[in-house]
Amino acid sequence: MPAPAAAPPVLELRNLSRNHGTGIAEVHALRGVDLTVRAGELVAVMGPSGSGKSTLLTLAGGLDTATTGQVIIEGQDIGALSRKQLAALRRRSVGYVFQDYNLIPALTAAENIALPRELDGVSVRKARKEAGEVLAGMKLADVADRFPDEMSGGQQQRVAIARALVGDRRLVLADEPTGALDSETGETVLALLRSRCDAGAAGVMVTHEPRYAAWADRVVFLRDGSVVDQTLSSDADSLLAAEDAK
Ligand code: ADP
Ligand code: MG
């Protein structure tokens, strides 16, 4: 169900480019990408390896700085923020699921989830309660007190997703969030992302799997740093074409 065009944009990328290196070693990881994601929308990003998907996501989450162009989150041009303001905006508004989880090894699952909330001034008691709830919602209550090295890859991945979803963040960015998951758990994760977007968040998810992209309202295809196609995810032919292009 596409979000109504009138829903406010949560994320706007305007003519966004990112180059790495200089001279003959210069790599154009992203070339003038425009993308608007509104409240209620889940957008899937697909494309071959090296096409700029992770670059797009790290720029959108304020984790990397664009060479040119703008990233606007909830109306705020993040290029105009101080580092401190940007960190606060990231904690409050952006949930980020890293491809390699990035859980803090010295903290339990529940503590990993509660930490960004506590940093944001939520009481320890409330943050732990929220963490317990989001873990239960992902059928992970039994790993709450385990450390990352005591969990399977799939469990770590789901804890990383729980950390991104806690606290009603308005923008959820996920880089191949289903990579280490079996297909049933992957569907559970997508259902959670979908319901978070249905509740008013905006989501952008990188995926290689047409099956998961089908949960999105739109699919954006990247190639060599440029958007080459955008389609409704219900258009099965495009998804199959994307599959062939892999
Ligand atoms: P994807 O996630 O689609 O596989 P990336 O966004 O990771 O692609 O990378 C896009 C391009 O930018 C690739 O050619 C990659 O090698 C290059 N790239 C990404 N990060 C860096 C970096 N820190 N330094 C140099 N090149 C980079
Ligand atoms: Mg990537």
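Residues numbered from 1 in each chain as written. Chains lettered and ligands numbered in written order. Predicted model: local features only at pLDDT ≥ 70, side-chain atom pairs only at ≥ 80, totals over all residues. Heavy atoms only, no water.

Here's the deal with the site of ligand 1
H20, V27, A29, P48, S49, G50, S51, G52, K53, S54 and T55 make up every residue found near ligand 1. Between H20 and ligand 1, the recorded distance is 3.3 Å, taken from a side-chain N or O atom to a nitrogen atom. Within the backbone of G52, a nitrogen or oxygen atom sits 3.1 Å from an oxygen atom of ligand 1. Alone, ligand 1 offers 560 Å² of accessible surface; in the complex the protein occludes 56% of this. Sorting the residues of the shell around ligand 1 by element identifies strand 2 (27-38) and helix 1 (53-60) as the ones contributing at least two each. No other element matches the 3 residues that helix 1 contributes to the shell around ligand 1. A class-by-class count of the residues in the shell around ligand 1 yields 3 nonpolar, 7 polar and 1 charged. (Near = heavy atom within 4 Å. Polar contact = N/O pair within 3.5 Å; in protein donor to acceptor, adjacent residues only side chain to side chain. Areas by Shrake-Rupley, 256 points an atom, 1.4 Å probe, with all protein chains shown as cover. Helix = DSSP H or I, 4+ residues; strand = E, 2+ residues; numbered from the N terminus. Nonpolar A, V, L, I, M, F, W, Y, C, P; charged D, E, K, R; others polar.)

Focus on the pairing of strand 4 (residues 68-73)
Note: strand 1 (residues 9-20) against strand 4, 5 bridges, orientation antiparallel. Within strand 4, the position partnered with L11 by the bridge is I73. Relative to strand 5 (residues 76-77), strand 4 runs antiparallel, the two being bridged by 2 bridges. For I72, the partnering residue across the bridge sits in strand 5 and is D77. The turn linking strand 4 back onto strand 5 is made up of 2 residues, and E74 within it adopts a positive phi angle of 45°. (Pairing = 2+ DSSP bridges.)

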